[in-house]
Amino acid sequence: MGMTMTQKILAAHAGLESVKAGQLIEANLDLVLGNDVTTPVAITEFNKIGVNKVFDKNKVAIVPDHFTPNKDIKSAEHCKCVREFANEKEIENYFEVGQMGIEHCLIPEAGLAVPGDVIIGADSHTCTYGALGAFSTGVGSTDMAVGMARGVAWFKVPSALKFVLKNKPAKFVSGKDIILHIIGMIGVDGALYKSMEFVGDGIKYLSMDDRFTIANMAIEAGGKNGIFPVDEKTLEYVKEHSKKTPVVFEADDDAEYDEVYEIDLATLRSTVAFPHLPENTKTIDEAKGVKIDQVVIGSCTNGRIGDMRAAAEILKGKKIAPNMRAIILPGTQKIWLECVEEGLAKIFVEAGCVFSTPTCGPCLGGHMGILAKGERSLSTTNRNFIGRMGHPESEVYLCSPAVAAASAITGEITDPEDIK
Amino acid sequence: MNACGKVFKYGDNIDTDVIIPARYLNSSDPKELAKHCMEDAIHSSVNFVENVKNGDIIVAEKNFGCGSSREHAPIAIKASGISCVIAKTFARIFYRNAINIGLPILECEEAAEKIEMGDEVEVDFSTGVITNKTKNETYQAEPFPEFMQEMFKVGGLIEQTKVKLGLK
């Protein structure tokens, strides 16, 4: 029986000719990642093991991005502990404030993830790098600790769901709308323990930024990973960003899938997820009119340059609604600078938006845009759970950068097509 | 090994933001995290922190622990004194984390459906039998794969790693 793309990558990293769904394996890791929230716990666990060094100082990356620039004293203590560990262990890929960005925007940009890699990260959105044809998945701090010590992790080989994406999406239908549509269709546990493999002729119309967004939210459907085949766009991206050699894996023709879903991208509409689950999706036609207090454009889901351009195109020459707070968070320093150089920053500020340094910030209710009781935010982030962005009685709606920008102008959820 | 206690019952998709809100993640001290465990379970009829006692059990429906990878979630639950979490299904990172840190978890659809808030429940980990003393019922949970049972026996992933590296 054939293997899925994910199974092939895992087999190669476990030194096995083949693997099958359900098999427990130990796989070699190409990168172990952590942030300022999860790494302190991992350091405590690492120190219990009793090894002095990390397995490979070039294959560990630490990105303090959640509560940085340090939001309070306790966060500063965490960041200090992480910084000292990185220095002591001579970790090459430690990114200090000023070089850092939101980890899942930064790691591909820094060339640390390439096709064929196996990557674990103590952050659930580590599944983002599947966009590059890598197997990457979120784990906890103890897995990160053991990954740093031994360079391996245990995995139960996943079965897979296949999503065949067909045709070209309409102008304002982005990667975010596609993944929200899929989560609405299969539910927040629809891919539990499974791979989500995205294939089909529609992929050629998706930018790398769109693919990162789609793979990023595989976890919101419960998926172990999301993965795209490697094409010319992937290889071009890797060539531009990385010195590492990509290894291209393809699913076997006779690979088995638990389900196959066909999605006609041409028929999709902009999509919004209502509180308090990413599966509570409605099309823009059903969603429009909901009043909002705040808009957030950024995060590991939608903080890339394509997202910034999409928002700026709509905000250009416009003002946001009275009493609206629109917070724009480019994902990395490089993207921040591109926004300045391309004139996007000027568009944002002139429209009345906040244009911030990169941080996960408000996405997880950390800082830089916390909601009061009863307030409502429309956000390009990834989760709308109870209390996610602040008060337990606040609300988060999820959408694309285009919908967020259009809605910032009107003060209510708005179809970008309606902004003239 | 057995667990025995009073049940805190929850529904579907209890996410890690509800288990331990991110506003408390500037600490990684288990005792501090336990003070805010289940704080955003605002639709629950019983306040968790005010009522939880050592040995108590959490029972939930599907996809328990979905969302963030924060190990702070199973750490907060364990530090609250919870002896076992039973659910229809667990989100995969929570499942991994619980096993890695030695927080006992069991998947059992029947138990998740029939057990109610406040029931007295006993769990026999060697057989996977869950006894509901309040309702006089028993339910059979899926046994753990051997690989995971071995990890539990040695005390979690860190202890297992020490053995593998010859440091123990």
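Here, the structure is the one placed above.
So, here is what we can say about the structure in this document. The structure presented is a predicted model; accordingly, all values stated were derived computationally and were not measured. For every chain, the first residue of its written sequence is number 1, and the numbers climb from 1 along that sequence. Lettering for chains starts from A, numbering for ligands starts from 1, and both go in the order in which the items are written. Owing to the predicted nature of the model, reporting of local features is limited to residues with pLDDT of at least 70; listing and counting of side-chain atom pairs is limited to 80 or more, with chain, interface and lining totals taken over all residues. Hydrogens and water molecules were not included; the side-chain quantities draw on all heavy atoms of the structure.

Okay, the layout of surface pockets next. Rolled over the atoms, a probe sized like a water molecule indicates the empty space that remains. Using a 1 Å grid laid over the protein atoms alone, points where a 1.4 Å probe fits but cannot get out form a cavity; open sets with protein on both sides within 12 Å along at least 5 of 7 lines form a pocket; any residue with an atom within 4 Å of a point counts as lining. Grid points are joined across faces, edges and corners, and a volume is the space filled by probe spheres set on the points. When its volume is computed, the largest pocket comes out at roughly 830 Å³. Taken together, 34 residues form the lining of the largest pocket, with S207(A), D209(A), D210(A), G306(A) and R309(A) sitting closest to its centre. Runs of E in the DSSP output that reach at least two residues are strands. Runs of H or I that reach at least four are helices, and both are numbered from the N terminus. Only helix 4 (103–109), helix 7 (208–216), helix 8 (232–241), helix 11 (305–315), helix 12 (333–341) and helix 14 (401–410) of chain A provide two or more residues apiece to the lining of the largest pocket. By residue number, the principal contributor to the lining of the largest pocket is helix 11 of chain A, which donates six residues. Think of it as three bins: nonpolar holds Ala, Val, Leu, Ile, Met, Phe, Trp, Tyr, Cys and Pro, charged holds Asp, Glu, Lys and Arg, and polar takes everything else, Gly as well. Its residues assigned to classes, the lining of the largest pocket shows 14 nonpolar, six polar and 14 charged. Its boundaries defined by the atoms lining it, the second largest pocket holds a volume of some 380 Å³. Lining of the second largest pocket is provided by 21 residues; of these, K156(A), Y193(A), Y95(B), E107(B) and M148(B) occupy positions nearest its centre. Elements represented by at least two residues in the lining of the second largest pocket include exactly strand 7 (152–156) of chain A together with helix 5 (92–101) and strand 4 (105–107) of chain B. Class assignment of the residues belonging to the lining of the second largest pocket gives a composition of 12 nonpolar, two polar and seven charged.

Further remarks concern the packing of aromatic side chains. Any pair of Phe, Tyr and Trp rings, taking the six-membered ring for Trp, is counted once the centres come within 6.5 Å. Such a pair is stacked with planes under 30 degrees apart, edge-to-face with planes over 60 apart, and tilted for the rest. Under the counting rule described, the total for this entry stands at 16 aromatic pairs over all chains. Aromatic rings pair up to connect Y193(A), F64(B), F90(B), F94(B) and Y95(B) into one cluster. Its guanidinium or amino end placed over the ring of Y193(A), K156(A) lies 5.8 Å from that ring's centre, counting from NZ or CZ. In this analysis the charged atom, NZ for Lys or CZ for Arg, is taken to sit over a ring once it is within 6 Å of the ring centre and within 35 degrees of the ring normal. Its end group placed over the ring of W154(A), R96(B) keeps NZ or CZ at 4.2 Å from the ring centre.

Residues and elements named next belong to chain A. Here K8 lies in helix 1 (residues 5–14). Separated by 253 residues in the primary sequence, K8 and Y261 place their C-alpha atoms 21 Å from one another. In this analysis, two residues are considered to be in contact whenever any of their non-hydrogen atoms come within 4.5 Å of each other. Contacts of K8, omitting those with residues within four sequence positions, involve M3, F249, E250, A251 and D252.

Attention now goes to empty space enclosed by the protein. Following the criterion strictly, the structure yields four cavities of 30 Å³ or more and no others. Looking at the largest cavity, its volume works out to about 220 Å³. Looking at the largest cavity, it is lined by 24 residues, and the ones nearest its centre are H66(A), D123(A), H125(A), L364(A) and R388(A). For the lining of the largest cavity, the elements supplying multiple residues, two or more each, are helix 4 and helix 10 (299–302) of chain A. In this model, the second largest cavity occupies a volume close to 100 Å³. Lining of the second largest cavity is provided by 15 residues; of these, I219(A), G222(A), C66(B), G67(B) and A91(B) occupy positions nearest its centre. For the lining of the second largest cavity, the per-class residue count stands at nine nonpolar, four polar and two charged.

For the rest of this paragraph, the subject is a nonpolar patch on the surface. All names here are of chain A. Patches in this entry comprise residues that are over 30% relatively accessible and not in a salt bridge; like charges within 9 Å are linked, as are nonpolar side chains (Val, Leu, Ile, Met, Phe, Trp, Tyr) within 5 Å. Residue-level accessible areas treat just the shown protein chains as cover; the underlying method is Shrake-Rupley with a 1.4 Å probe. In the sections that follow, a salt bridge refers to a side-chain nitrogen of Lys or Arg positioned within 4 Å of a carboxyl oxygen of Asp or Glu. Nonpolar side chains collect at one region of the surface, where W336, L337 and V340 lie side by side and expose about 240 Å² of accessible area between them. Looking at the secondary structure, you find L337 in helix 12. On the basis of relative accessibility, which here comes to 42%, the residue L337 falls in the partly exposed class. Only protein chains enter the calculation, and the probe is 1.4 Å; a residue is then buried if its accessible area is under 20% of its type maximum, exposed if over 50%, and partly exposed in between.

Residues and elements named next belong to chain A. In this scheme, strands are said to pair when DSSP sees at least two bridges between them. For strand 14 (residues 294–298) and strand 17 (residues 376–379), the ladder comprises three bridges, and the chain directions are parallel. Bridge pairing links V295 to L378 in strand 17. Note: strand 17 against strand 18 (residues 395–398), four bridges, orientation parallel. Bridging across to strand 18, L378 finds its partner in Y397.

Residues and elements named next belong to chain A. Evaluated as defined, the whole model comprises 41 salt bridges over all chains. Here D285 makes a salt bridge to R269, at a shortest N to O gap of 2.7 Å. In this pair, D285 sits in helix 9 (residues 284–287) while R269 sits in the loop between strand 11 (259–264) and strand 12 (271–273), placing the two residues 16 residues apart along the sequence. One salt-bridge network, held together by shared partners, links R269, D285, D415 and E417.

Once that is clear, we can look at helix 14 of chain A. The element helix 14 of chain A is extensively covered by neighbouring structure, given that nine of its 10 residues are classed as buried. Just beyond helix 14 of chain A, the residue with positive phi is G411(A), at close to 85 degrees.

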